[in-house]
Amino acid sequence: MKARIVLMVTGCLVTISMAMHLTALPRQAGTETSRSAAFAGRTPWGDPDLQGEWTAEGEYGVPFERAAQFGTRQFLTDEEYAKRIEDVRIRDQRDLAPVDVLSGKVEGANAPIPHWREYNTTSRRTSLVIDPPNGRLPPRTPTARPVPVQRCGSLARGEPCDSYEDYGLGVRCIVHGGGFPDAMFPAVYNANFRIVQTPGLVAINYELIHDTRVIPIDSSPRRDGPLLSPAIRMYMGAARGRWEGTTLVVETTNLKASTRGASPGLRLIERFSRTERDTIQYRVTFDDSATWSTPWTAALELKARPDDGGVFEYACHEGNHGMRNMLEASRLLDRK
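Residues numbered from 1 in each chain as written. Predicted model: local features only at pLDDT ≥ 70, side-chain atom pairs only at ≥ 80, totals over all residues. Heavy atoms only, no water.

(A) Highlighting the nonpolar core. Met184, Phe272 and Leu302 are the most contacted members of the largest nonpolar core, which has 38 residues in total. Counting residues per element, the ones that place at least two in this core are β3 (192-198), β4 (201-206), β7 (247-253), β8 (267-276), β9 (279-287) and β10 (296-304). Dropping the residues within four chain positions of it, Leu302 is found in contact with Trp54, Thr55, Ala56, Met184, Phe193, Asp278, Thr279, Ile280 and Tyr282. Counting seven residues, the second-largest nonpolar core is a separate cluster that includes Ala187, Leu208, Tyr314 and Cys316. (Core = buried A, V, L, I, M, F, W, Y, C linked by side-chain atoms within 4.5 Å. Buried < 20%, exposed > 50% of the residue type's maximum accessible area, 1.4 Å probe, protein only. Helix = DSSP H or I, 4+ residues; strand = E, 2+ residues; numbered from the N terminus. Contact = heavy atoms within 4.5 Å.)

(B) Fine view of empty space enclosed by the protein. Enumeration according to the criterion identifies one cavity of 30 Å³ or more in this entry. Considering only enclosed or pocket space, the largest cavity measures out at about 90 Å³ in volume. Along the walls of the largest cavity sit 15 residues, with Ala183, Phe185, Asn190, Ala191 and Asn192 positioned nearest its centre. A class-by-class count of the residues in the lining of the largest cavity yields 11 nonpolar, three polar and one charged. (1 Å grid on protein atoms, 1.4 Å probe; cavity = no way out; pocket = protein on both sides within 12 Å on 5 of 7 lines; lining within 4 Å. Points joined across faces, edges and corners; volume = space filled by probe spheres on them. Nonpolar A, V, L, I, M, F, W, Y, C, P; charged D, E, K, R; others polar.)

(C) Molecular detail of the pattern of salt bridges. Under the definition given, this model contains 19 salt bridges. With its nearest N and O atoms 2.9 Å apart, the salt bridge here joins Asp87 to Lys83. Residue Asp87 and its partner Lys83 are located together in helix α2 (residues 78-95), separated by four residues, close to a single helical turn. Overall, the relative accessible area of 35% leaves Asp87 in the partly exposed class. A salt bridge links Arg331 to Asp162; the shortest N-O distance between them is 3.9 Å. You can see Arg331 sitting in helix α3 (residues 318-335) and its partner Asp162 sitting in the loop between β2 (129-131) and β3, a full 169 residues away along the chain. Within this structure, Arg242, Glu244, Glu251, Arg267, Arg271 and Asp287 form a network of salt bridges that share partners. (Salt bridge = Lys/Arg side-chain N within 4 Å of Asp/Glu carboxyl O.)

So this is what it looks like as structure tokens:
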């Protein structure tokens, strides 16, 4: 009996000793600790690991340009942040209240069904623009194109519409906003995307309108040469990436849409830095001397989504049934 007790006590002491020893061991680089611990993971082929499902939802509602009252201050004080969160609560209470859709009792003709909406503002930013330091876009040059304005459509006022060309690209289910980089900025829902990597490639699949960017990783000496002929234009542009330490830097040109009235020579420089397991700091710089007096930069904080969150199919219908219905309604308004 005594021998059995001695063995049991000895076993417990050995177990405790091993546990203390394992806890004290330094963790290897890339080892997952907790969802909030610093993350330095690598892919099996050695690239920094950006893979997973991410969302920019927390930045929804942050002004693109900074109000003058904040000056050069990028973040809200505790008191200002509490006010923002209270405003969000009131907004959600109003926007997400149950409605009788069949009776037409919704916020307005442009209001999406409440359960479609996905926005949970948590950001402390005073603006998405972080450079220039005042958080405002730099002056436009005298030769800059006018900023495009969507004249009509279900996402803007000014009906009736004369043709499908009067509707924006999003309403027509072609691409979110004007394409890239609008796809990175949160909208009223579906601010989610998935990043996957293979040797030499990074792909970003966006939930809204369901576009996918494929970014080649190019470390060759010819990296500074043109990507494509200027005659070839795409809504998501032509991208080429490289690693600077653990940051993915992506340069994009050949954009089809006139994003914010930019010229065809617009060059976008993105930086993806995974600062924590659950966080990617994202920056995008607009470099277009024909449009703005100096380059400018906007920023987002991307947060990890649950592993089983899913980036679902965005079954956009406006380009099929909805477009005909909207144009028929416009002709009805004409007759009235």
